[in-house]
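Chain and residue survey
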Amino acid sequence: MNKAPEPLLPPDVIARRVAELAGRIAEDVPKDAPLEMVVVACGALVFAADLMRALPIPMTLDVVFAKSYYGRESSGSVSTEVSLRNSLKGRHVVLIDDILDSGRTLSTLVKELSASGPASLKTCVLLDKPSRRAVGIEADYAGFTIPDEFVVGYGLDDVDGLWRNLPYVGFFKK
Ligand code: IMP
Ligand code: MG
């Protein structure tokens, strides 16, 4: 197995930022209905698990699947599996992903979820790699802006599917 990745964001730094994001989301979201959190699996599961427990407001949860990476390269096309248990009609939705890279995943999912008629739809990512953007989209909430490194941990995986359970975000030194 590979050597452990070099730490980029340690657990305490992530935890503080996640609490800040939760505070901002809780403040911003209209309170006329419970928030609906839609999580992009599998990468955003760890982030979402921490974020939702820091949210002091009522919320419901659903999951969608998206795949755009093959190995360490973005394939340029996104395949999604959106089969929601909750209706988004009239709901205030926050879509959670692990990382905003080319932007294709988030913009594809925003289009698909918008078609269900939510009252509002915001996006929240833990990590943002603006240098890689190919599609004009920014997240409403972003935890950390990071350089163009392939990162793993805290939910994000490598080519072999490993490292999601690493408690920090790290990268492999070249
Ligand atoms: P985008 O569609 O190019 O914005 O890519 C977003 C998706 O690609 C994310 O949801 C991740 O699953 C994956 N991804 C992008 N960059 C990385 C990375 O550095 N490490 C692990 N996964 C990544
Ligand atoms: Mg993903």
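So, a few notes on the structure that sits alongside this text. All of these numbers come straight from a predicted model, not from anything done at the bench.

How each quantity is defined
- Residues numbered from 1 in each chain as written.
- Chains lettered and ligands numbered in written order.
- Predicted model: local features only at pLDDT ≥ 70, side-chain atom pairs only at ≥ 80, totals over all residues.
- Heavy atoms only, no water.
- Helix = DSSP H or I, 4+ residues; strand = E, 2+ residues; numbered from the N terminus.
- Rg over C-alpha atoms; globule rule 2.2 N^0.38 Å.
- Buried < 20%, exposed > 50% of the residue type's maximum accessible area, 1.4 Å probe, protein only.
- Contact = heavy atoms within 4.5 Å.
- Pairing = 2+ DSSP bridges.
- Axes fitted to C-alpha atoms, helices over the stretch in contact; angles between N-to-C directions.
- Parallel < 35°, antiparallel > 145°, perpendicular 65-115°, else oblique.
- Left-handed = near helix turned anticlockwise from the far one by under 90°.

Points about the overall build of the chain
- Scanning the chain from N- to C-terminus turns up three helices and nine strands.
- Across the chain, helices and strands are ordered from the amino to the carboxyl terminus as β-α-β-α-β-β-β-α-β-β-β-β.
- Whereas a compact globule of 174 residues would reach a radius of gyration of roughly 16 Å, the chain reaches 16 Å, a difference of no more than 12%.
- For the C-alpha atoms alone, the extent of the chain along its principal axes is close to 50 × 35 × 25 Å.
- Residues classed as buried in the chain amount to 44% of the 174 residues present.
- Intrachain contacts of the chain at a sequence separation of at least 6 include 67% that bridge at least 24 residues.

Regarding the sheet that holds strand S8 (residues 151-152)
- An order of S1-S9-S8 is seen for the three strands of this open sheet, with the pairing classed as antiparallel. For this open sheet the edge positions go to strand S1 (6-9) and S8, each flanked by a neighbour on one side alone.
- Inspection of the sheet shows S1 paired to strand S9 (residues 169-171) by three bridges, in the antiparallel sense. Bridge pairing in S9 places Leu9 opposite Val169.

Here's the deal with the packing of helix H1 (residues 11-28) against helix H2 (residues 45-53)
- Put simply, H1 and H2 touch, their axes get as near as 9 Å, and they point 60° apart. With respect to their mutual orientation, H1 and H2 come out oblique. The two elements H1 and H2 meet at a crossing, and its hand is right-handed. Across the interface between the two elements, Val18, Leu21, Ala22 and Ile25 from H1 touch Phe47, Asp50 and Leu51 from H2.

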